[in-house]
Structures are given as C-alpha cells and as structure tokens.
Protein chains: 2
Amino acid sequence: MAPTPDWVKQLQPSGPQGHELLAAERACSQIPVEKLSELIHTKEVLDRKQRVLNILKSEKVFDKSQNYFAGRIDRFEAALARAKKLTNLRIKHGWTLDEYRTANELISEPGPYGLHDSMFLVTIDGQGTEEQKEKFLTKAEKYEIIGCYAQTELGHGSNVRGLETTATWDSASKSFIMHSPHLTASKWWIGSLGKTANFAAVMAQLIIDGKSYGPHPFIVQIRDLKTHEALEGVHVGDIGPKFGYNTMDNGFLLFNKVKIPHHSMLARFSRVDPQTNKYIRQGSPSLVYGTLTWVRSTIVMQAGSVLARGVTIATRYAAIRRQFQDRDAPEWEKGENAVLNYTMVQIRLLPLLAATFALHFTGKAMMNLYQENQKKMNAANANTESKRGPGPEELGAGSDSLADLHATSCGLKALSSTIAAEGLEVCRRACGGHGYSSFSGIGSWYADYLPTTTWEGDNYMLTQQVARYLLKSARTVISNPSAAATNDTTAILSNYLKRSEIGCAFDVLSNDTDIVQAFAWRTAFLTFEASKHRDEQKKPWNDLLVDFYRLSRAHSQYMVVKNFHEALESREVSSQIDTPTLGILRKLYRLFALHTLEQEGSEFYASGAVTVKQISLARTNAVMKLLKEIRPHAVRLVDSWAFDDWVLDSSLGREDGKVYEDMFYRASELNPLNRITVDPYPTSSVLFKKVEGEVGRSKL
Amino acid sequence: MAPTPDWVKQLQPSGPQGHELLAAERACSQIPVEKLSELIHTKEVLDRKQRVLNILKSEKVFDKSQNYFAGRIDRFEAALARAKKLTNLRIKHGWTLDEYRTANELISEPGPYGLHDSMFLVTIDGQGTEEQKEKFLTKAEKYEIIGCYAQTELGHGSNVRGLETTATWDSASKSFIMHSPHLTASKWWIGSLGKTANFAAVMAQLIIDGKSYGPHPFIVQIRDLKTHEALEGVHVGDIGPKFGYNTMDNGFLLFNKVKIPHHSMLARFSRVDPQTNKYIRQGSPSLVYGTLTWVRSTIVMQAGSVLARGVTIATRYAAIRRQFQDRDAPEWEKGENAVLNYTMVQIRLLPLLAATFALHFTGKAMMNLYQENQKKMNAANANTESKRGPGPEELGAGSDSLADLHATSCGLKALSSTIAAEGLEVCRRACGGHGYSSFSGIGSWYADYLPTTTWEGDNYMLTQQVARYLLKSARTVISNPSAAATNDTTAILSNYLKRSEIGCAFDVLSNDTDIVQAFAWRTAFLTFEASKHRDEQKKPWNDLLVDFYRLSRAHSQYMVVKNFHEALESREVSSQIDTPTLGILRKLYRLFALHTLEQEGSEFYASGAVTVKQISLARTNAVMKLLKEIRPHAVRLVDSWAFDDWVLDSSLGREDGKVYEDMFYRASELNPLNRITVDPYPTSSVLFKKVEGEVGRSKL
C-alpha cells in the first residue's frame, strides 16, 4: 500500500472530539477517582502496578503493537521471549512474588512458564517431602528444570478418579513404570507442556501388586535437559490452536512403559515402602484440598476486575459513539445522541458496572473467609483421613466451616466466572460493529478468559457440590429445628423454617437490608424444595440436576448481594470514601440486586419473598430510575478501576477518547495485510502480486 | 518433533469405541433419517449439495486441513484462491446461481468475492438504469471489475442518514466530487474492499448547489484495473483482524475530492439532470426496501441450520463422552455415564435441538410470506413516495401487509440470529474442555456468525421497529375495536381486547393450540401495556426501549411458536413423514414452546395467560419429561440435518464417532507448532533452537 497521504493524516473525526466528550463526562460527576481506586486496589497495589508497569513499558519485548495481527507461532514465540525476560527482570530488580505476579497480570496474556510458576511449584511444595523439595524445588525455582501439572487426559476431565495413566510399582527394580494404556490416557490440555516443560507433575493411578490405590502425583522428566527432545518412551507435543489462550503451549503426553525412580512419587501424604512394597498413607491432604478452595477464591476475586476491563472499554466508547437523534429531543438540540444515553445500552452496561463492584467485594470477603479457616485448620491440624467417593455428592466434607467454605467457593467460582465471561461478551456487543474488531480489545480478552468457566471445576458440575452441601444443611436444620445456627447457611435455613408460617414481607424497593433477606429467603425456599424432592420423594439425583443448578445460583447470588451490602455498611469502606460516593456505590448495590431479582422473578415470587407487583415495580421503576441516577457517574466509575491504556490495548477504551484516530492508525499503519497487493481476477492464478517486507505468511 | 512412534500409532481409545457408541444411539431410535432430511432440505437440495460437494472435495485448493492453524494472511490468501477457483468451476460446470451459492455455503467461510457477488451486483441491478447495467453489470458479472458495497462509515453504522461522505454535483464539469470531510467519514467494515475490489458502490450524501438530498448510491472506481494500486485521491486498505471473519478483507476507503462522471450515480429512482442541474426523483425505491426484508428473511431461514451445526457436534460428542458414574446407578452397571444422559446437559442441548426445527419452519413460512407480498406489491406497483424520517419510529411504513412483513422480518431476524449465536456458544461449552479446542469446529463457526447479530439491523435497534408497528396496530384496534382484523397482528390484539373482561384459561400443558394462544395473549398484553405507557402516559421513547425490546421478543417468540405449530399441522409435513416421527417433532415443538414459556415466566404470569402453578409444572414436570422422551432420538435428529464431515470440520462432531483419534491426529500430525523445538531456559536468549520446514511465522 502507498504510504498514508498527507490529506489523510490531516483528517480529524467530525463533531465533538473524543477527548472533549470524555472530559465532559468526567466533569459531570464529583466521584474522587483516585480515592475510589485506592478503596478498590489499595494504594500499595496501585503503586506497585505503576512501578512494574514503567519497567515493562521500557522493554521492547513487551511491545504489544503486533499482538492482534500475529499468528499462533509468532504469538507463542513472543510469549516465550516475554516469559524469559520477566524471569530475568525479576532477578535484576529483586522483585517479590507479588511484583512478579503483578507483571504477569499487566501483560495480560498466558505465558509458557505459567504452569511452571504455579501448579508445578505448588505441587512439589505442598506434596513433596523435604528431600523431594531439595531435589526438585530448588532447581525448579532457578528454572534449571521447567515443569507443568499433568492431570487432565484426552478422555477424562472433571472426574479425577477416572484417569487412565498408570504408575505401576515394580518391586524388582524398586521403581515405577509410567504407562498410557490407551489413546484416551494421553495427558491433554496441560499448560506449558506442549513445547516448554522438561518435567511434569503427572497424576497417575498408583498400582501395587495389581491393586489400584487411586491417582497420585509423580515428578517425571519428559525431555532431555540439553537437546530438549522427548526422552525415550515419551511422546509429547502441543495440542493445537484454541478459541483463545494461544500464547500458551497446552500439550499432550503419552508414556510407553517409562521407568522412573522411587523418589519420583511425591511422598508427603502417601508413599510406597521400597522394602515391604506396601502402600503407606501418612497425614491428611486436606490442606491440599484447601489449595483448590484458595484457587477458586482467587477466581472470584479476579472476576470483578476481569469484567471491569470490558465495562471500562464499552462505557468509554458508549460515551463517545453517537447514533441517531433522540426522537423526543427538542428541535434545537441537533446532532446524534451518545449511545450511553439510550436506556437499552444502559440496561446492558450499568448492571455489569454494578457487578464489577459486587464481585470485587465478594471476592475480598471470600478471601478473608478462606484465611480465617486456614488458621482454624492449621490450629486443629486434623489428622483424620478425608474420604473422597466417586460421585460429586461424595466430594468435600470435613469440618462444618470447611464444608461451608468449600461449597461457597464452588458456587461463587461458578457464578462469578459466568457473570464475568458472559458480561464481557455483552460489553463487546454493546460496542456495536466495532466491538467485533480485534482493536476493541474485548474479544481476545474474553476468549482468553473463557476457560475459567471450565477449569478448577466446570461451572455446571460445581453447582452439585453446593446443592449437596445445602441439602445436608437442610437435613441438620430439619432434624433439630431449635438448635443454634452454626453458620450463616444454617441460620438462613432455620430462620425460614421459623417464619414459614408467619410469612415474610420484605420491602425490597426501599430497604437495602430487606433485599439481602429476600435473597436469603429465596435460597432457603429452594433448598427445602430440593430437600423435599430428594429426601422425601426420593427423586433420582440426575432428575434434580437442573434444580440443583438453580439452587446453587440462588445461593451464590445471595452471597454476592450479602457481601456487597456488608462491605458498603462496613467501617472499612465508609472511612475511606466520602458520603456522596458511598451513596453512588449504594445505588450500584441496589441496581445489581434489583436487576438480578427481576431477572430471576419467578423464583422470588414462587418463594413468597416478594410480590409480583414488587417485581414489576423493580423492573419498570426502580431499575430504570437507578440507571438514570448512575449514568452521569459511569465514566468516573470505570476510571476508578484504573486500567492503564497499555494494559487495555483497546482503541475503543482509550482513556483520552481518541477512538477513531487509534482504530485508523492500527488498520492503516500497523496492519501487515496492507503490505500486500493482490491480483483480483479469477482468470489469473496469481494471488499476491506484490508483497512489501515480511508479513507473517508461509505455505504451511 | 520426532515422528509419531509405532507404540503411539497402535493406541486406541479405552472402553466402547466412538463408532460403537453412535451405532448404539442410532439403533435406539426409528426415525427415518433420510426422510426427515428430505423434509428439511428437499431431495433436490440434498442432491445438489452432494453433487457440488463431490467436486469441491476433489480440488486441492479446498483442503481444510490447515484452516485452524493458519494465520490471517494465509487464511486470506487461501480464501482468495478458493474464490477464484469457485468462479472458474462455476463456468466449467455451468453451475446455476443456486449451485454456486451451495458451493459457498459448503465451504462455510466468507470469501473476498462475497460482497461483489451479492450487494454489488444487487445494487447495480436494482438501482441502475438500463444503460448503467449495460456499463457496469456486464463487466461485473464477468469479474472484469470487482466491486463491494460501501455504506457503513467509521463513525456511522445503523443511521444511514448520518453518513458523512459527500458526492457534490459540479455543474461546471458535469460530474460529482466524492469527498471524505472527516476521519469518521471513512468507509469502514466494507466486505471485499480491503484488498480485492477495484470498484465500489458508495453511499454518499448527494449535494447540489449546497443543498443535501440524502444518501444515494454511486459506482466508483477505486483501484487501477492493471496495477491494482489505489487511484489518485483514494486511500483504501484492510481494517485489520477481527473476532472472526478473517478470510474476508473488510476495508476502509477515503476520498480526497475525487471527480467521477455523471453516469456514476445509480439513476433508476433519482438522478441529477445535467442540463438543469436539478434533482429528479422518479418511481419508488420501495422494492429496494423489499430487498432488506428479503435479506432478513434469509437470515431467519438460515439460523436454524447455523445452529444445527453446533447442536450436531455437541450432541454427537455428548453421546460419546463419558464422565462420572450415575450416583443412583445400580452396582453392576459399571463405567462412566454418557454426558448426554445428564439432565443438566439435556436442558442445554435439547431445547436448542428443538430450536433448530422451530427456526427452520419459521424461516420457510417467512420466505413464503415475503414472496406473497412481493407478488402483491408488483401487482399494485405503488408509485407513492416512501418517506423515511430520521428516527426509528418513522422507518418503514407502506401498505398494511408490507408493514406487517417488515416488522415481522425485523423481529424474527433479531430473535433468530440471537438464538443461533448464543446457542452455538452454549453448544461449545456443553462440549466441556474440548469445546475450547479449535478442532471442536464450533468456535470459528460461532465467531464467523456473530456479525449477523449486528448487520442488516442491529438486533437491539430492530426491536424498536417491531414495537413501533405493534403500537400502531394497537392504535388501530383501540380506535375501532369492532373492525375486522386485517392481519394476524390486529387479530390477536382485538381478540385480547374482546376477551380481556372474560379472561383466558389456556391449557398449555396438554393442548398444543393453547400454547400458541398463550404466546399470542402475552404479546397482546405487552402491546397494550406499551401503548398505555407511550400513548396515554406520554412516556419518553427512550424510557421505553427496554420494554420495546421485551415486546419485540415476545412477538417474535409468538411467531416462531405459531409457525412451528402450523407447519406440524400442515398437510405438507404430515404427508412427507411417518406418524411416530411427526410425534417426535411435536415433542420438539412442546419442548421449545414450554421451555421458552418457562424462561419468560414472569411475563406470561403477569399477562394472565398462565398461572404460576402452570409455569412451575412446565418446568419441573413437562420439560423434564420431554427431555427424557426426546433423548433417545437425539443423534438421529441431528443426523437428519445431514451435515457432511467435510463441512463440519470437527473432531467432536464426526459422524463415525472417532473423536479422540481425530483430535490426536490433528494435534500430533498437522500442528505446525510441533515442528519447532524451543530452548526453554530464561538464561538463554535463543527461543526456537530448531525449526523443521516452514511453519507460518515471521518477524512482523
């Protein structure tokens, strides 16, 4: 393509310019953006981000300008280069783990060291003996060996019990034989395995003397440390392109009777005695299951911020983008209307804006709960064996508060990642046609986030665990209605039972606490309904899965509403933010809660928590009024999520509103397809008649 | 990577093999797949598809094996090669337009001639004079010139009135000056423009003597016919990568006072008299607006089949994939359960399976309606000017049946493309982790389909047109309640008014006709509610957009339910299919209708169409029972959509069930990333230490 002519360079967008429009938006709200940012992130974290960001921006390897154009192999190559550079920067600047994590978060793309840095290290640290840590962890921390966590198989996902890979104890050679008996036994989806790792923490069925002892973790070398070629009997590679996550080398792995030494089996909780050839279990891995709870809590915590990226982009762009005149606008008010003024856009974006805060405060509460429990458990140091049956109803158990935490983390992980993933797509579409351009910055972010709805427990599967817990709690409450509640769940259940003959009258339209109670009431109602179906009518578990899904969603929505409300009533929040801003946050609370209530109207009505009239008023009056009241603050509210433009990498979401200039620049100046001139005629077999420079193509 | 070792080649999936599982599924249903296929597609179309498919399969250029791996530029290059080949095959085999379209449909990827073949030709044909057709169409049909349709601009989407590009009549030189006054005037998103077209049908504001006459179409040459470089004063290129649709070169286009001859303005309906310099309007472009209705009807028609691809893939895979044991299963029934047996999977997939048929029959009915109207209009040949105001409430109008058709096509386009797009994503997630792999075949199909929710009228914007029409109809009925109904819409409205003091009692759980009536009742209720808000309470249009959206959805759902029901009761269907199969189709009808009714419970309840008890029974009993009854026929039902494996290009959806073998083959044998060996250590600056052959990468 000819270089951009001068007349094009001089063109400007018509009408009021993007930066003027955003300035006007910011002028019509008094929200102290910095203060609110500090409430969300803390000053410490904001400073850390800025410090790390400055370093990243100064390194050429982190330049993002070709990310949206590059193909898979170039993306992976860049990601590998970035991963290496980060590791070196960490040493150079003496970064703490938090700083290193911040850097990864700012880069916002999965990288080839991802699973090494997380699950590989965690597994050895959590399940290895001191000698094993010495042997593997020391080297791994220095990246002398690079690992991954190989659990999922081609034919086996959520059901860990069903894994096919075997580790058979060979008493003669005092070693294990790793083997993949079928194609479906191939490890699959394993992050960092495809091209990068030379070690793997492999979950395999331990077999001693023909008997299976279930899945156990083994540290196995898979590639040569010098040549990086697969070792004998190992077949390993990348599983191919995905809907997103293409900077990561998710891999496959097959073993053909590979002999590994006795010390390969991580032996903190169980081991094979090489003398007696007996299986020995020692201590409880319940702290390990705690790790999963921690991971889920992290997902809840991040969901608000994940969604906030999309909401920031869509809100800023909706304040700039103009379309049609308001048909009721007075004659003198010329020009097109900002789409953010349309209620049909508001109803899509503003409840999601509210959700970002709701999820954020819920995540914080969840993390606190986790840490409290962790302390309790460490104190108790329960040495009882934890039994895990084959079906989902059997999972978990443990102490009362652990069970509550487990169930809550499952339900909230499912709800929050669903809200975030689906919300991002709503944001993308709310940007109209331009949302479909890669330059919107939402599409790839959404595509990369999507697996979160599947991993760490599939969002649909997890709801069974919540239902199981609630059914158990219902049984406890029913069997002893007068007993004191042991936690919040039993409290709302017994409250419901006590009042079930008096009924309830929640004033959801004017009382914030009543909203929480209405959500609790609906959850209790659905719990006892489920209990009736399962325990009284003995309906098959499978017939109830849809009800369980609804029940779990109801419970999790209650938790979000409750946590959001409690946060806003807390001294911690009110001491950090001025009263008018707190007032706006309360409106966001009401918007989130009433919009949810209205969406789930039938259940609320059926439970008797609210009347049909209230639901109808919530929809036509309360929600519409809240949209109008929150609208002027929308841009400042998203500003306080404090995403740097470098992080967003979005034409539509630019802080300075230069939407069209940036779209045009990327298309016209950065786009490698424009270095090509085609021969357009079907009579000619020439496709590209001119190619300027290298443009990322090849005959595959 | 080392070549696949023999021990890997010999591995098979564990347990019952995919083909055995699908065979078992097919054995448990008696649905005559071929017969049902013929009912859906007609024998003629099936034969045509097969004939064309055989030709495509035999041409190397259509080989799909690298589609999922290739980057944008390679994808575009392949698409260009395919487009050229298709054009040549069309001549070689003397294909009809239908056959050529079938070929494009089978290839299932947008191509660089896409907009030339459709909108460019249609625009000249529909809006050009005989001389203009002679001048442009003849060459265009021979691909001596290649065009596109340039309407949308960087700053202007749905609102055509707001376009900025100007065509100013220069009376001195008797020509038009094409100009882009601002950056936002840049044409944007224009299919086939980025790299391929040398001509464009440009929509520009016609200006004569300083006065604007609104947007008109101009045929403008933009690139040199020999060198293919942009002409002087033209800046044109590709707009960059998108969420999908990356085989298409959507482009941008700017003009710097480019002079074009008088004959460039398509002059069938309006022209500038070169002698008097006056604007002359002649005849009515209402037939042109008919084209938009036709395009929307096509979208409705295709939505069923678009969704059916995803449902086919997800259903077949769900019949093969096994996970967990049924916790109520007897001890002796070992092994994991097919996920299709889980009600939580059924509730996601089977209503979508039902939707494929519902949309299909609705599309057919819609097409018939369109054709009838077209005949009527041609007969009447109305020469009245159609007035188009600036706001959405003003759009459309025309005769009573045209207005009905217009509104119905808008509403159904929005509903059907939303159901299809969102349904595809549900299908993808229902495949669990593997749904995220490109090899699922759903992700790219979904991503390519997504723009359908935005183009030909944004799905949210369109609902205003439906609401406007229904409001108008309500006014007619209210002002003269005893007048005979002029169409179905006024019929359901007056029926509601007549019975509003008697009430209704629809037996939705056991009477199929009553279901249709309940949907009609709810639509009428919402229409009069909206009418009250707008006409009595004079609420601002903007405050009602959310209600209008709901109203439109209700009306369109009614249309789908009604059309599905009428099709199943028609002689045409019952004469073609056996009674048991018709019985299963009726179950699909009930599932679609009752599942929709339950999802929209509050509106049905509020309208009085059904009781809360009925909604609750629909959910817990009727829908669950239908899932169980339809389940055994699921695989045969998707089989009858008759997608060839070549078309699906999916590991998960293979007709022979060889899911895992195909996943593994693509990852291990076809994946170019596996031709690379990396240096994994952060201490080394080497990234790829070994690269075998070309692998689609370059320094961009």
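Predicted model only: the values in this text are computed from it and were never measured. The numbers attached to residues start from 1 for each chain and follow its sequence in the written order. Chain letters start at A and ligand numbers start at 1, both assigned in the order the entries are written. Note on the predicted model: pLDDT of at least 70 is required for a residue's local features to be given, and 80 or more for side-chain atom pairs to be given and counted; whole-chain, interface and lining totals, by contrast, use all residues. Working from all heavy atoms in the structure, the side-chain values ignore hydrogens and water.

1. With respect to the overall build of chain A
Secondary structure elements are defined from DSSP: runs of H or I of at least 4 residues count as helices, runs of E of at least 2 residues count as strands, and each element is numbered from the N terminus. When you go through chain A residue by residue, the secondary structure sums to 23 helices and 13 strands. Values of the radius of gyration come from C-alpha atoms, whereas the globule rule sets the reference at 2.2 Å times the count of residues to the power 0.38. Here chain A has a C-alpha radius of gyration of 28 Å; the compact-globule value for 700 residues is 27 Å, and the two agree. Here the C-alpha coordinates of chain A stretch approximately 95 × 80 × 55 Å along the principal axes. Burial here depends on accessible area, computed with a 1.4 Å probe over protein chains only, as a share of the maximum for the residue type. Under 20% is buried, over 50% is exposed, and the range in between is partly exposed. Looking at chain A as a whole, 62% of its 700 residues qualify as buried. Relative to all contacts within chain A whose residues are 6 or more apart in sequence, the contacts with residues 24 or more apart total 74%. Surface exposure here means Shrake-Rupley accessible area, sampled with a 1.4 Å probe, where a residue is shielded only by the protein chains that are shown. Carbon and sulfur atoms provide 52% of the accessible area of chain A, an area that totals close to 26,200 Å². Note on definitions: a residue-residue contact is assigned when non-hydrogen atoms from the two residues lie within 4.5 Å.

2. Quick look at helix α2 (residues 18-27) of chain B
Along α2(B), the positions that sit buried rather than exposed are G18(B), L21(B), L22(B), E25(B) and R26(B). Taken down its axis, α2(B) places every buried residue within 135 degrees of arc, on the same side. Note: the arc covers the axis-to-C-beta directions of the helix.

3. Considering the UniProt feature "domain: Acyl-CoA oxidase/dehydrogenase middle" (unreviewed entry) in chain A
Using the residue numbers shown here, the UniProt feature "domain: Acyl-CoA oxidase/dehydrogenase middle" (unreviewed entry) corresponds to residues 148-258 of chain A. Across residues 148-258 of chain A, helical content stands at 0% and strand content at 43%; the span's end C-alpha atoms are separated by 18 Å. UniProt positions are given in the numbering used here, feature names are shortened, and annotations may be inferred rather than shown by experiment.

4. So, the packing of aromatic side chains
In summary, the pairing rule links any two rings of Phe, Tyr or Trp, Trp by its six-membered ring, whose centres are within 6.5 Å, and it sorts them by plane angle into stacked for under 30 degrees, edge-to-face for over 60 and tilted for everything else. With the rule as written, the count across this model stands at 50 aromatic pairs over all chains. Centroid distance Y245(B) to W455(B): 5.5 Å. Interplanar angle 75 degrees. Geometry classified as edge-to-face. Pair noted here: Y245(B) is in the loop between β7 (234-238) and β8 (251-255) and W455(B) is in the loop between α12 (443-449) and α13 (459-479), with a separation of 210 residues, a long-range link. Put simply, the rings of W189(A), F243(A), Y436(A), Y446(A), W189(B), F243(B), Y436(B) and Y446(B) touch in pairs and so form one group of aromatic residues. Any Lys NZ or Arg CZ found within 6 Å of a ring centre and within 35 degrees of that ring's normal is scored as a charge over the ring. R90(A) extends its terminal NZ or CZ atom over the ring of Y100(A), reaching a point 4.2 Å from the ring centre. Over the aromatic face of F243(B) sits the side chain of R428(A), whose NZ or CZ is 4.9 Å from the ring centroid.

5. Observations regarding unusual backbone geometry
Residues and elements named next belong to chain B. In this structure, T42 is a non-glycine residue whose phi angle is positive, near 75 degrees. Following the sequence through the fold, T42 ends up in the loop between α3 (33-41) and α4 (43-57). Residue K174 is not a glycine yet carries a positive backbone phi of 55 degrees. Position of K174 among the secondary structure elements: in the loop between β2 (166-170) and β3 (175-179). Residue K174 is classed as partly exposed on the basis of its relative accessible area of 33%.

6. What to know about the relation of the copies chain A and chain B
The superposition of copies rests on a least-squares fit of C-alpha positions from residues with pLDDT of 70 or more in both. The two copies are related by a screw motion: chain A maps onto chain B through a turn of 180 degrees and a shift of 0.0 Å along the axis, at an RMSD of 0.0 Å. One copy is carried onto the other by what is essentially a two-fold rotation axis. In terms of C-alpha distance to the rotation axis, chain A has G71(A) as its closest residue, with the C-alpha 2.2 Å off the axis. Residue by residue, 99% of the interface of chain A is reproduced at the interface of chain B, so both copies engage with the same surface.

7. Remarks on the pairing of strand β6 (residues 211-221) of chain A
All names here are of chain A. Note: two strands are recorded as paired if DSSP finds a minimum of 2 bridges between them. When strand β5 (residues 199-208) meets β6, the two strands line up antiparallel, connected through nine bridges. Of the residues in β6, the one forming a bridge with I208 is K211. In this antiparallel pair of consecutive strands, β5 and β6, the connection spans two residues, and D209 shows a positive phi of 55 degrees.

8. Some remarks on the UniProt feature "domain: Acyl-coenzyme A oxidase N-terminal" (unreviewed entry) in chain A
As annotated by UniProt and renumbered to match this structure, "domain: Acyl-coenzyme A oxidase N-terminal" (unreviewed entry) occupies residues 33-146 of chain A. Across residues 33-146 of chain A one finds 72% helix and 0% strand; the C-alpha atoms that close the span lie 42 Å apart.

9. Describing the sheet that holds strand β4 (residues 187-190) of chain A
On the basis of which strands lie adjacent, the open sheet formed by three strands has the order β4-β8-β7 (chain A) and antiparallel pairing. The open sheet has two edge strands with one neighbour each: β4 and β7 (234-238) of chain A. Geometrically, the sheet is characterised by an average inter-axis angle of 15 degrees between neighbouring strands, direction not taken into account. In terms of strand pairing, β7(A) meets strand β8 (residues 251-255) of chain A through five bridges, oriented antiparallel. Note that in β8(A) the partner of G237(A) across the bridge is F252(A). Axis definition: a line fitted to C-alpha atoms, limited for helices to the stretch in contact. Angles are taken between N-to-C directions and run from 0 to 180 degrees. Against the sheet, helix α23 (residues 659-670) of chain B makes contact with β4, β7 and β8 of chain A, and its axis sits at roughly 105 degrees relative to β8(A), the strand it touches most.

10. Brief notes about the state of the cysteines
Criterion for a disulfide: a pair of cysteine sulfur atoms within 2.5 Å. Summed over the entire model, instances satisfying the criterion amount to zero disulfides over all chains. Not part of a disulfide, C427(A) finds its nearest cysteine sulfur in C431(A), a span of 7.3 Å.

11. Thoughts on the interface of chain A and chain B
With 155 residues of chain A at the contact, the number on the chain B side is 154 residues. A pair is scored as a salt bridge if a Lys or Arg side-chain nitrogen falls within 4 Å of a carboxyl oxygen belonging to Asp or Glu. Our enumeration of links across chain A and chain B arrives at 12 salt bridges. Pairing of N or O atoms within 3.5 Å defines a polar contact, subject to two protein rules: one partner must be a possible hydrogen donor and the other a possible acceptor, and residues neighboring in sequence count only if both atoms are side-chain atoms. Seen at the junction of chain A and chain B, the total is 62 residue pairs in polar contact (both at pLDDT 80 or more). Here the side of chain A that touches chain B gets 10 residues from one element, more than from any other, and that element is helix α5 (residues 72-92) of chain A. Gly counts as polar in this scheme, as do all residues outside two lists: the nonpolar Ala, Val, Leu, Ile, Met, Phe, Trp, Tyr, Cys and Pro, and the charged Asp, Glu, Lys and Arg. Across the side of chain A that touches chain B, the residue classes break down as 70 nonpolar, 47 polar and 38 charged.

12. As for the pattern of salt bridges
A side chain with one charge may pair with a side chain of the opposite charge, provided their charged atoms come close. Under the counting rule described, the total for this entry stands at 84 salt bridges over all chains. Residues R619(A) and D547(B) are paired through a salt bridge, measuring 3.0 Å at the closest nitrogen-oxygen approach. A residue pair is termed interchain when its members come from two chains, as with R619(A) in helix α20 (residues 612-630) and D547(B) in helix α16 (residues 545-569). Residue class for D547(B) comes out buried when judged on its relative accessible area of 17%. Here K625(B) ties to E629(B) by a salt bridge, and the two come within 3.4 Å at their closest N and O atoms. Here K625(B) and its partner E629(B) are both found in helix α20 (residues 612-630), four residues apart, which amounts to about one turn of the helix.

13. Observations concerning empty space enclosed by the protein
The pocket and cavity definitions rest on a 1 Å grid over protein atoms only: a 1.4 Å probe that fits but cannot leave marks a cavity, an open set with protein on both sides within 12 Å along at least five of seven lines marks a pocket, and residues lining either have an atom within 4 Å of a point. Grid points are joined across faces, edges and corners, and a volume is the space filled by probe spheres set on the points. Summed over the entire model, instances satisfying the criterion amount to eight cavities of 30 Å³ or more. In this model, the second largest cavity occupies a volume close to 170 Å³. If you go around the second largest cavity, you meet 16 residues; those closest to its centre are Q323(A), V345(A), R348(A), D458(B) and M461(B). Secondary-structure elements contributing two or more residues to the lining of the second largest cavity are α10 (343-380) and α11 (400-430) of chain A together with α13 of chain B. Grouping the constituent residues of the lining of the second largest cavity by class yields nine nonpolar, three polar and four charged.

14. Here we look at the side chain of D273(A)
Residue and element names in this part refer to chain A. Residue placement: D273 occurs in the loop between β10 (270-272) and β11 (279-281). When charges are tallied, Lys and Arg are placed among the positive residues and Asp and Glu among the negative ones, while His and the ends of the chain are skipped. Of the buried charged residues, D273 lacks a salt bridge, with R271 as the closest side chain of opposite charge at 4.5 Å. A distance of 2.7 Å separates the side chain of D273 from the backbone nitrogen of Q275, its partner in a polar contact. In this structure, D273 is in contact with K278 and I280, ignoring residues within four places of it in sequence.

15. Thoughts on the packing of α13(B) against helix α15 (residues 512-536) of chain B
Residue and element names in this part refer to chain B. Put simply, α13 and α15 touch, their axes get as near as 9 Å, and they point 90 degrees apart. In terms of axis orientation, α13 runs roughly perpendicular to α15. Here L470, L471, A474, R475 and I478 of α13 lie close against α15, whose contacting residues are T527, F528, A530, S531, R534 and D535. Along the lines of polarity and charge, the residues of the contact of α13 with α15 split into six nonpolar, two polar and three charged. Angle categories are assigned with fixed cut-offs, so that under 35 degrees is roughly parallel, over 145 is roughly antiparallel, 65 to 115 is roughly perpendicular, and the rest are oblique.

16. Quick look at the domain arrangement of chain A
Residues and elements named next belong to chain A. In terms of domains, chain A is made up of domain 1 (30-109), domain 2 (143-283), domain 3 (289-383 + 390-639) and domain 4 (658-691). Placing the centre of domain 1 and that of domain 2 at their C-alpha centroids yields a distance of 32 Å. Taken residue by residue, the interface counts eight residues in domain 1 and 11 residues in domain 2. Two parts placed together each lose some accessible area; with a 1.4 Å probe, that loss summed over both constitutes the buried area. Across the domain 1/domain 2 interface, buried area totals approximately 720 Å², and carbon plus sulfur atoms make up 57% of it. In this entry, domain limits derive from an automatic or database-based domain assignment.

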